[in-house]
Amino acid sequence: MPRTLEGQITMEKTPSYFVTREAPARISAMSKDTKLIVVVRDPVTRAISDYTQTLSKRPDIPTFESLTFRNRTTGLIDTSWSAVQIGIYAKHLEHWLRHFPIGQMLFVSGERLIRDPAGELGRVQDFLGLKRVITDKHFYFNKTKGFPCLKKAEGSSKPHCLGKTKGRTHPEIDRDVVRKLREFYRPFNLKFYQMTGRDFGW
């Protein structure tokens, strides 16, 4: 990380940090007062999205349904499949809480970030001790992408939307598989809500 002067905030984002077992200790060794922001979304939707991204790169992979289960007859979920494993947020958070207090972490709702980007970014600005400068006037909803976009990107006169890898149409997944995944995640979600003090409504 570059040196940060007083009055500056240095930010870095890596989606894999939250689920990488070694990351909390490494980040704590670098700076114990680091503030952590984690964007989470419904783990079932997240798993389907993960699969959709892989499918776009490797169209020959097995179906989502076959990858989800160790044994479809018994309904045993394959927790070794990363698309499923990543969504067990409570398990990952336990590793972080060994190195950071919960007060140094902000959990951002991915669903709310789409529905109300200014509201959720207001929470981020407050958490970082920043003046609220990002408001509703900075966004418009792009119906094609299904996401909010910035009306004008920093240093540009053009709008900015997430790249073409975001907002892909998900494949149709067997309803029974989705139901079984929801049942699988329910106790982990409830534990995560207790740990964070926020009910994400999954």
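Each chain carries its own residue numbering, running from 1 in the written order of its sequence. For this predicted model, a pLDDT threshold of at least 70 governs which residues receive local features, and a threshold of 80 or more governs which side-chain atom pairs are given and counted, while totals over whole chains, interfaces and linings are taken from all residues. The side-chain numbers reported here are obtained from all heavy atoms of the structure, hydrogens and water having been left aside.

J.: Describe the UniProt feature "binding site: 3'-phosphoadenylyl sulfate" (unreviewed entry) in the protein, with residues and values.
T.: UniProt positions are given in the numbering used here, feature names are shortened, and annotations may be inferred rather than shown by experiment. According to UniProt, the "binding site: 3'-phosphoadenylyl sulfate" (unreviewed entry) feature falls on Arg41, Ser49, Lys166, Gly167, Arg168, Thr169 and His170. Helical segments are the DSSP runs of H or I of at least four residues, strand segments are the runs of E of at least two, and each set is numbered from the N terminus. Along the polypeptide, Arg41 turns up in the loop between β1 (36–40) and α2 (43–57). Contacts are assigned to residue pairs that have any heavy atoms within 4.5 Å of one another. Those residues in contact with Arg41 that sit more than four places away from it in its chain are Arg46, Ser49, Tyr89, Gly110, Glu111, His170 and Trp202. Nitrogen and oxygen atoms within 3.5 Å of one another constitute a polar contact, given that in protein one can donate a hydrogen and the other can accept it, and given that sequence-neighbouring residues count only through two side-chain atoms. There is a polar contact of 3.4 Å between the side chain of Arg41 and the side chain of Ser49. The topology assignment puts Ser49 in helix α2. If near-sequence neighbours (up to four positions away) are discounted, Ser49 is found in contact with Arg41 and His170.

J.: Outline the packing of aromatic side chains, supporting the account with residue identities and numerical values.
T.: Stacked, tilted and edge-to-face pairs are distinguished by plane angle, under 30 degrees for stacked and over 60 for edge-to-face with tilted covering the rest, among Phe, Tyr and Trp rings (Trp via its six-membered ring) whose centres lie within 6.5 Å. In total, this model carries 15 aromatic pairs according to the counting rule given. Between Phe184 and Tyr185 the ring centres are 5.1 Å apart and the planes differ by 70°, which places this aromatic pair in the edge-to-face class. For the residue pair Phe184 and Tyr185, the accessibility class agrees, reading buried in each case. Consider the ring centre and the ring normal. A charge sits over the ring if Lys NZ or Arg CZ is within 6 Å of that centre and within 35 degrees of that normal. A cation sits over an aromatic face here: Lys35 above Phe127, 5.1 Å from the ring centre. Working definition: with a 1.4 Å probe on protein chains only, accessible area under 20% of the residue-type maximum means buried, over 50% means exposed, and in between means partly exposed.

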